[in-house]
Every structure is written in structure tokens, then in C-alpha cells.
Amino acid sequence: MKEKLNEIKEVILEAARKARQETGDIPAPQDPEPFTWPINCTVGPGLEGAIASESKIGYVNGSKGWLVYRGYDIFDLCAYSTFEEVSYLLLHGHLPTTNELNEFKGKLAKYRILNKTLRIVMSFPVEEMNPMAALRLGTNMMRQEYSYMDKEVGRPKLDDAISSDEDSIPMETTPMGYANAIYEFKTNLCKNPIGMRKTLWDASNTEACYQLIAGVSTLTSAIVRLKNGHMPIEPLPGLSHAANLLYMMTGHVPDPVEERIMDIALILHADHGMNASTFASLVVASTLSDIYFSVGAGIAALNGPLHGGANEQVVHSLLDIGGLDNVKAWVKNKIENKQKIVGFGHRVYKAYDPRARILGPLAEYLVGGRSDCMQVIYQTAKRVEEEVLEQFGREKKIFPNVDFYSGIVYGCLGIPVELYTPIFAVSRVSGWTARVIEYLQKNRIFRPRAIYTGEFNKEYVPIEQRNRDV
Ligand code: SDX
């Protein structure tokens, strides 16, 4: 078994060598320079190029294909670390000591038990629900398990808000803009309003983050079991986060290879700059809503097929292709019809996504020696990658992204397709919570503008006089 774990480490180190070789000529980024707000930047549709916040948590370099968590290269973290260490790193800014790690693991073990929340989730029609919908609702329910946010005392009062007038932020278009449309709560409210228990308002509170990191994995596992007519399984206190996730889903304690692969997949998905779901969770947090709602918003955003939902779509596409002989024509047809090939392309990466560099070879490692459908799906995926790169040409810079090979890895671990996106959430909850806590330390409500392209001064027509046919 030790030999196999070493082989897995080698797969990652080899992927790292390849990445360095291919992008070594591209200049490395400069050290960050001090800056002050406001910042000038060019913004494209979808807020492309917009700078939404400052952060020390994670860094993505699209030209070099770098992914860095708190200064550490993703290849090193995958080769040598665990999801627990990485979550701690994202939240606290440093890798844990043995004592810190043991304490953190102890808290995760405690918070994996979600009896109250699961009782509520079991009253949902889970068997008819999209697992991400059930997960989002379950996550919102977790606030009942732990927090007192629903009590009146937890709500900031409107009188304690300051209006945007005081900041002279330009609002919408003139002359129709509403000058009082946004509010910001005074910063002292973020600290510890009226002696309430530690909750989201205390920006140094990481306890809710621990609860969410632990709880989203319990919920995900419970949801798949309920969907298939089984009762949820209690976590085992001695198991790692990755092993517990697999155990709570399947009822079998995974072997060390399965555990390690799951662990690496969780590390890889934990954080990724200002992606759509992270931004969604920050937007919710910036209103001083609560962190359970923030993570719920992240889950909702992650679900879409342009984002985390792509990992499920990839496997459906690979099956739909119907065999290796059809790949060339399938890719050609997609490109000619200007259809997006799911699992390819990225807003930031114009080099190969480092996560796909790891997941692709890991998928290959796992299907080795298998002759089942996972082997066929992997071979189809490889051929699709070759065809996309050949037909687009490398200069188009459309490479596989994190979602292209992850499903094959999960499939080899026996995880059903409908759980691929929830598993993304099990990991990304570390990034969401770390970034929410960081953002709240200098909170400012998000409030971009829209360019109004409608009309003004229209004459109001009573309903009985409205006739669309005229
Ligand atoms: C994730 O942001 C993150 O960090 C996200 C993520 C994370 O960890 O949080 O990395 C996770 O969401 C991965 C992405 C998963 N989504 C998919 O795999 C869906 C397929 N990919 C895309 O639709 C697309 O690439 C996006 C949504 C990921 C990015 O879209 P952009 O930045 O808006 O790019 P675009 O759609 O404007 O495309 C730019 C060009 C276009 O060509 P031209 O019109 O300029 O000739 O690239 C082409 C596009 O047609 N293109 C693709 C393509 N993706 C981009 N062409 C074919 N297939 C694709 N997948």
C-alpha cells in the first residue's frame, strides 16, 4: 500500500515537472506592490478584469498556470499535505503545528455530527431533489444547529446604518438614480454587537467555518444516502475528512489509496481566486447576512454548468459521444456550431489548468488495469482532449479545466455522478469560509453599477388601455 501511495505522489511530482517545463519561459509575477483604493482597472462583461477585493488567501496565474494557496504551490500541497492541513492553512494563514492540527481535527470530528440538521433534512423530499438544492437548504439549516442568529438581538438595526451619501458614491445614472439605495453598517457592529455569542459578526470567529467545513461533508453524504432510500451514516471519529466522506457515503471504510485520492481531489478544489461561487458568498457576507447563507449562496452559484456543475456534464457528454470513433466528428461539430465543450476553457487560465494536470494523470493511474466503463470514459476523454487541442490549435488556449477529469477520478472511487458537484462544494467550503472571514475584517457592502440602457419619461398607461396588438 505504501508503494501505491508513493506512486500517487510521483504522479503529482511528475505533473509539476511537466508544468514547470512547459511554462518556465513565461515570466514569473512580480511581488505584490502596496496599493490604495480606488483602483483603476478595465472591466469587461461578466466583471472580467474587475478587482473585487484584496486577499492573501489564494492566487491564480493564468499565463503560467499557477495556483497558490497562502504562498504554497498547489503541486506541493497535493503531494505532501492533507485537506485538513490545507483548510487550516486557508483559514489561518499558516500550516498547522501537530497540536493545532489535532485540535482542528477534533473540532471537525465534533462538528461532523449534525443530528438536528439531519432530522430537518430528512423531512425534505430529498429523493425528488437535486442534491445541490438539498445541500443548499441543509447548509442554511445548519445555522439552527449552532447559531443564535435568528434571535432579534442578532440583527443590526437600520438606524445603525450609514447611507452611501456620506461616501459620495456615484449612484446609477442621473437624474433617475436613488441616492439612498445602499447602506453600510458601521464597522463597530461587525465586532461584537450587544454581547451576543460569537457568530458571523465577529470577524475573527472561525468556529462557524469549522462547523461548515465538517457539516457540508456530512450533509452531502446523507443526501446521497437518503436519495437512494438509505439512512445517513454516523461519521467515524478516527477517520480523516476524506475517508469519512467516502465512509459516510458508502458505509465502507476506504483503503489508503482511495482515501489519498479523495484527499488530493479535495485539496485541489478548495480555493480558486474570485470565482463565481466565491464572489456570490462574499456578496452575501458583505450585507452582514450570516455565514450559513453565504455558503448557501456559494453552493447555489457552484451548481451551474458553467461553473462546478460542469463536472457532471462532462461525464454525460463523454458517454453521449458513443465511442472513440465518434470523437473527431463530435468535436468538429461542437466547434463548427460554436457550442461550448464542457470541461474546457477558463476565464483566467490561458495555460493548462494545474488542477487538470494532476487530475488527468490521476484518472489514468486509477483506470490502469481496469476494463470497465471507467476505462472507456477515460480513453474517450483523452481523445477529446487531443482533438480539441488539435482542432482549436494551442494558440486558442482552450485547455481542459478542473472539471474535465475530476468526474473520472470520482467515478473510479465509486461515487455516483449526481454527487460530483456536491463534492466540489465539500472542498470549496474551505475557500468560501476563509475568504468570508478575511473579507469581513474590512467589510464593505458590494454594490457595483449597471449601465441603464432603458427608456425614460414613458407615459403611464392604465391596464384597461393596454393593448399589445395595436
Ligand atoms: C470552473 O472561475 C473559476 O475559477 C472557476 C473554477 C473554480 O475553481 O472555481 O475554475 C471552476 O467553473 C471551471 C469551468 C467549468 N465550466 C466549463 O467547463 C463550461 C465550459 N467552459 C466555458 O463555457 C468557458 O470556458 C467558461 C465559462 C469556463 C469561461 O468563459 P469566459 O471566460 O466567459 O469565456 P468565453 O465564453 O467568453 O469564451 C472566450 C472564447 C470564445 O471564443 P471566441 O468567440 O473568442 O472565438 O473561448 C471560446 C469561446 O467560444 N471558448 C470555448 C470554450 N470556452 C471558451 N469554446 C469551446 N468550448 C469551450 N469550453
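Thresholds applied
Residues numbered from 1 in each chain as written. Predicted model: local features only at pLDDT ≥ 70, side-chain atom pairs only at ≥ 80, totals over all residues. Heavy atoms only, no water. Salt bridge = Lys/Arg side-chain N within 4 Å of Asp/Glu carboxyl O. Helix = DSSP H or I, 4+ residues; strand = E, 2+ residues; numbered from the N terminus. Buried < 20%, exposed > 50% of the residue type's maximum accessible area, 1.4 Å probe, protein only. Pairing = 2+ DSSP bridges. Expected span 1.5 Å × (residues − 1). Core = buried A, V, L, I, M, F, W, Y, C linked by side-chain atoms within 4.5 Å. Contact = heavy atoms within 4.5 Å. Axes fitted to C-alpha atoms, helices over the stretch in contact; angles between N-to-C directions. Left-handed = near helix turned anticlockwise from the far one by under 90°. Nonpolar A, V, L, I, M, F, W, Y, C, P; charged D, E, K, R; others polar. Near = heavy atom within 4 Å. Polar contact = N/O pair within 3.5 Å; in protein donor to acceptor, adjacent residues only side chain to side chain. Parallel < 35°, antiparallel > 145°, perpendicular 65-115°, else oblique. Phe/Tyr/Trp six-rings, centres within 6.5 Å; stacked < 30°, edge-to-face > 60°. pLDDT = per-residue confidence, 0-100.

Student: Explain the pattern of salt bridges to me, please; I cannot follow it from the model alone.
Tutor: Counted by the stated rule, this structure contains 16 salt bridges. The partner of Lys442 in a salt bridge is Glu54, and the shortest N-O contact between them spans 3.4 Å. One end of the pair, Lys442, is in the segment after α18 (420-440); the other, Glu54, is in the loop between α1 (2-23) and β1 (58-61), with 388 residues separating them in the sequence. The class for Lys442 is exposed, based on a relative accessible area of 61%. Residues joined in a network through salt bridges with shared partners are Glu10, Glu14 and Arg17.

Student: I keep staring at the pairing of β1 and nothing clicks. Help me out?
Tutor: Each regular strand carries side chains that alternate between the two faces of the sheet. Direction of pairing for β1 relative to strand β2 (residues 66-69): antiparallel, over a ladder of 4 bridges. Looking at the pairing, Gly58 lines up with Tyr69 of β2. Where β1 folds back onto β2 in an antiparallel hairpin, the turn is made up of 4 residues, including Gly65, whose phi is positive at roughly 70 degrees.

Student: Can you walk me through helix α10 (residues 256-269) in this structure?
Tutor: Since there are 3.6 residues in each turn of an α-helix, residues three or four apart along the chain are aligned in direction. For α10, built from 14 residues, the straight-helix expectation of 20 Å at 1.5 Å per residue is met to within 8% by its first-to-last C-alpha distance of 20 Å. Counting buried positions over the 14 residues of α10 gives 11, a clear majority of the element. Within α10, burial applies to Val257, Arg260, Ile261, Met262, Asp263, Ile264, Ala265, Leu266, Ile267, Leu268 and His269.

Student: Explanation requested: unusual backbone geometry in the structure shown.
Tutor: Looking along the chain, the bond that leaves Trp37 and enters Pro38 is cis, with omega of -5 degrees. In this structure, Pro38 sits in the loop between α1 and β1. Backbone geometry places Arg70, a non-glycine residue, at a positive phi of 50 degrees. Mapped onto the elements, Arg70 comes out in the loop between β2 and β3 (72-73). Positioned with a positive phi, Leu288 is a non-glycine residue whose angle comes to about 60 degrees.

Student: Where do I start with the sheet that holds β1 in this structure?
Tutor: One key point about sheets: their strands pair by backbone hydrogen bonds, in either a parallel or an antiparallel sense. The 3 strands lie next to each other as β1-β2-β3, forming an open sheet whose pairing is antiparallel. Strands with a single pairing partner mark the edges of an open sheet, and in this sheet they are β1 and β3. Pairing geometry for β2 and β3, over 2 bridges, is antiparallel. Looking at β3, one finds that Tyr69 is bridged to Tyr72.

Student: Help me out: how do you make sense of the nonpolar core in this one?
Tutor: It is characteristic of soluble globular proteins that their nonpolar side chains tend to be buried jointly. In terms of nonpolar packing, the biggest core is built from 119 residues, with Tyr69, Met262, Val384, Ile408 and Ile415 touching the most fellow members. Setting aside residues no more than four positions away along its own chain, Ile408 makes contact with Leu318, Ala363, Val367, Met374, Ile377, Tyr378 and Ala381. Of all hydrophobic cores here, the second largest spans 5 residues; its members include Ile233, Leu239, Tyr247 and Met248.

Student: Teacher, can you tell me more about the packing of helix α15 (residues 354-367) against helix α16 (residues 373-392) here?
Tutor: Helix packing geometry: the angle between the two helix axes and the distance between the axes. Two elements in contact, α15 and α16, have axes whose closest approach is 10 Å; the angle formed by their N-to-C orientations is 145 degrees. As for the relative orientation of α15 and α16, their crossing is left-handed in sense. Across the interface between the two elements, Gly360, Ala363, Glu364 and Val367 of α15 pack against Met374, Gln375 and Tyr378 of α16. Here the contact of α15 with α16 is composed, by residue class, of 4 nonpolar, 2 polar and 1 charged.

Student: Teacher, can you tell me more about the site of the ligand here?
Tutor: Near the ligand there are 23 residues, and of these His272, Lys340, Arg347, Arg355 and Lys396 occur at the shortest range. Taking His307, its side chain carries an N or O atom lying 2.8 Å from an oxygen atom of the ligand. For the ligand, a nitrogen atom lies 2.8 Å from a polar atom in the backbone of Phe344. When its residues are assigned to classes, the shell around the ligand shows 9 nonpolar, 8 polar and 6 charged.

Student: What is the right way to read helix α9 (residues 241-250) from this model?
Tutor: The buried fraction of α9 amounts to 9 of the 10 residues, a majority that puts the element mostly inside the structure. Within the sequence span of α9, burial applies to His241, Ala242, Ala243, Asn244, Leu245, Leu246, Tyr247, Met248 and Met249. On its buried side, α9 packs onto α3 (83-92), α4 (98-111), α8 (207-227), α10 and α18. Positive phi appears at Gly251, one or two residues downstream of α9, with a value of about 85 degrees.

Student: For this particular structure, what's the right way to read the packing of helix α13 (residues 310-321) against α16?
Tutor: Contact geometry of α13 with α16 gives a least axis separation of 10 Å together with a crossing angle of 90 degrees. By the criterion of interaxial angle, the relationship of α13 to α16 is roughly perpendicular. Seen from α13, the contacting residues are Val315, Leu318, Leu319 and Ile321; seen from α16, they are Ile377, Thr380, Ala381 and Val384. Across the contact of α13 with α16, the residue classes break down as 7 nonpolar, 1 polar and no charged.

Student: Looking at this structure, how should I read the packing of aromatic side chains?
Tutor: Two aromatic rings, taken as a pair, are described by how far apart their centres are and by the angle between their planes. The tally for this structure, following the rule as stated, stands at 11 aromatic pairs. Aromatic side chains Tyr88 and Phe104 sit 5.7 Å apart centroid to centroid with 70 degrees between the ring planes, which places their arrangement in the edge-to-face category. A residue pair is termed long-range when its members are at least 10 positions apart, and Tyr88 in helix α3 and Phe104 in helix α4 qualify at 16 residues. For the pair Tyr88 and Phe104, one class covers both residues: buried.

Student: Whenever I open this one, the confidence of the model for the protein chain confuses me. Can you help?
Tutor: For residues with low pLDDT, the predicted coordinates do not support detailed interpretation. Here the protein chain averages 89 in pLDDT, and 87% of its residues register 70 or above. Here residues 149-157 scores under 50 on pLDDT; set against residues more than four positions off or in separate chains, the count is 18 contacts. Per-residue pLDDT stays below 50 along residues 160-201; that stretch engages in 76 contacts with residues further than four places along the chain or on separate chains.

Student: What is the right way to read the environment of Gln379 from this model?
Tutor: Looking at the secondary structure, you find Gln379 in helix α16. Put simply, Gln379 and Gly323 are 56 residues apart on the chain and 9.0 Å apart in space, counted from C-alpha to C-alpha. Separated by 2.8 Å, the side chains of Gln379 and Gln375 make a polar contact.

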